[in-house]
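# Structural overview for review
So you can see what is in the structure, the chains are spelled out below.
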Amino acid sequence: MIAPSLLSADFARLADEVARVADADWLHVDVMDAHFVPNLTLGRPVVEAIQAVSPIPLDCHLMIEAPERWAPGYAEVGAGNVTVHAEACTGDPRDVASDIRAAGALAGLALKPGTPLERYEDVLRDFDTLLVMTVEPGFGGQAFMAEVLPKVRRARELVDTGHLRLLVEVDGGINADTIEQAAEAGADVFVAGSAVYGADDPARAIAALRAQATGAA
C-alpha cells in the first residue's frame, strides 16, 4: 500500500493536492504540535476539511503530546487510521487504541528510530498498524535510515508467526531507491512524500512505487 505524505504537498492548494493522489491507498497526514516534535503543521479542523474531499482513507500520524486526549477526535471526523507515538503516551497505549477504535478508526502505534520494538510487542496486540519511523520525526525530506530495518523484519516475523495481527508501515525517506529494501524487510504500507508529490505525474509515481514494493516483497 502506498500512502503519499501531504506534508510534501502545496498547502495553498490542499484540495487539489489530495485529488492528485487518488490512485494511492491511503493519504498520510502528519499532525505536529511543535512540542513532541519541533515543527507545527495542522490540526483537527484541517483534517476534517481534507476528509470531506479525499477520495481515499486518511492515515493520520499524530506527532503530538498527550495523544490520549486528542487522538479519538481524529477518528470522529472520519480518519481511517489514527497513529500515536508510543513515546508520547502518558499512560498505557492500549487505552488510546481502545478509544480510537471506539471512535471508528484503525489504531496505530508509531516508534521512533531509537525506540526498541521489544518493549511494545505485547502492547501491539491491541493495535491495527505499527508505524516504524525510518527517519527522526518532525520534518520531511530526510534520508532513509536503513539501520532501522531489523525492527521491520522483527515486526514481520511477529505477524507471520501469529503473535501480532497488524499492518507494518514505514515512514521516512521512502523513494525509488529505498522502497525495495523496506519491502524486502516486510513492510506493508509505504509513506512517500517528495517521491510522489515531487513527481511530474504523481499517479505514475504511485504505480511505479507499488510495483517496486510488490516485486521485492
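Above this text sits the structure in question.
Summary of the structure given here. (Residues numbered from 1 in each chain as written. Predicted model: local features only at pLDDT ≥ 70, side-chain atom pairs only at ≥ 80, totals over all residues. Heavy atoms only, no water.)

### Section: the packing of helix α3 (residues 67–76) against helix α4 (residues 93–102)
In helix packing, the relevant descriptors are the interaxial angle and the interaxial distance, both defined with respect to the helix axes. Quick note on the threshold: Axis lines are fitted to C-alpha atoms, over the contacting stretch for helices. Their N-to-C directions set the angle, which ranges from 0 to 180 degrees. Note on conventions: DSSP H or I runs of at least 4 residues are helices, E runs of at least 2 residues are strands, and numbering of each starts at the N terminus. Note that the term roughly parallel is reserved for angles under 35 degrees, roughly antiparallel for angles over 145, roughly perpendicular for angles of 65 to 115, and oblique for everything else. Handedness of a helix crossing follows the sense of rotation of the near helix relative to the far helix, less than a right angle counterclockwise being left-handed and clockwise being right-handed. Any pair of residues with heavy atoms lying within 4.5 Å of one another is described as a contacting pair. Classification convention: Asp, Glu, Lys, Arg as charged; Ala, Val, Leu, Ile, Met, Phe, Trp, Tyr, Cys, Pro as nonpolar; all other residues, Gly among them, as polar.
At their nearest, the axes of α3 and α4 sit 8 Å apart, and the two run at 20° to each other. By the angle between their directions, the pair α3 and α4 is classed as roughly parallel. The interaxial crossing formed by α3 with α4 has right-handed handedness. Across the interface between the two elements, Pro67, Glu68, Ala71, Pro72 and Ala75 of α3 pack against Val96, Asp99 and Ile100 of α4. In terms of residue class, the contact of α3 with α4 is built from six nonpolar, no polar and two charged.

### Comments concerning the side chain of aspartate 171
Heads up, the condition is: Whether a residue is buried, partly exposed or exposed follows from its accessible area with a 1.4 Å probe, protein chains only, as a fraction of its type maximum: under 20%, in between, or over 50%, in that order. Only four residue types enter the tally: Lys and Arg on the positive side, Asp and Glu on the negative side; His and the chain ends are excluded. A pair is scored as a salt bridge if a Lys or Arg side-chain nitrogen falls within 4 Å of a carboxyl oxygen belonging to Asp or Glu. The definition of a polar contact used here is a pair of N or O atoms within 3.5 Å, where within protein one atom must be able to donate a hydrogen and the other to accept one, and adjacent residues in sequence count solely through side-chain atom pairs.
Mapped onto the fold, aspartate 171 is located in strand β7 (residues 167–171). No salt bridge forms around the buried aspartate 171; measuring N to O, its nearest opposite-charge neighbour lysine 151 is 13 Å away. At 3.3 Å, the side chain of aspartate 171 and the side chain of histidine 28 are in polar contact. In this structure aspartate 171 touches His28, Asp30, His61, Leu131, Val132, Met133, Thr134, Val135 and Val191, once residues within four positions along its chain are discounted.

### Considerations on the layout of surface pockets
Using the following cut-off: Lining residues are defined by having an atom within 4 Å of a point belonging to a cavity or pocket. Those points lie on a 1 Å grid over the protein atoms alone, cavities being sets where a 1.4 Å probe fits but cannot get out and pockets being open sets with protein on both sides within 12 Å along at least five of seven lines. Grid points are joined across faces, edges and corners, and a volume is the space filled by probe spheres set on the points.
There is about 330 Å³ of room inside the largest pocket. Lining the largest pocket are 29 residues, and of these Gly140, Gly141, Asp171, Gly172 and Gly173 lie nearest its centre. Taken together, the elements giving at least two residues each to the lining of the largest pocket come down to β2 (27–32), β3 (58–63), β8 (189–192) and α7 (194–197). Val31, Met32, Asp33, Leu40, Leu42, Gly43, Arg44, Ile64, Glu65, Trp70, Gly73 and Tyr74 are the residues that line the second largest pocket. Looking at the lining of the second largest pocket, the elements with two or more residues in it are β2 and α3.

### Quick word on the pairing of strand β6 (residues 129–133)
Consecutive residues of a regular strand have side chains that alternate between opposite faces of the sheet. Selection criterion: For two strands to count as paired, DSSP must find a minimum of two bridges between them. With the strands pointing away from the viewer, any crossover whose connection runs clockwise from the first strand over the helix to the second is right-handed.
When you tally the buried positions in β6, you get five out of five residues, the bulk of the element. Burial along β6 is two-sided: the residues Thr129, Leu131 and Met133 and Leu130 and Val132 are all buried. Taken together, the four bridges between strand β5 (residues 106–111) and β6 define a ladder with parallel strand orientation. Bridging from a neighbouring strand, glycine 108 pairs with threonine 129 of β6. Here β6 runs beside β7; their pairing, made up of five bridges, is parallel. Paired with valine 132 across the bridge in β7 is valine 170. Considered for its hand, the β-α-β crossover made up of β6, helix α5 (residues 149–160) and β7 is right-handed.

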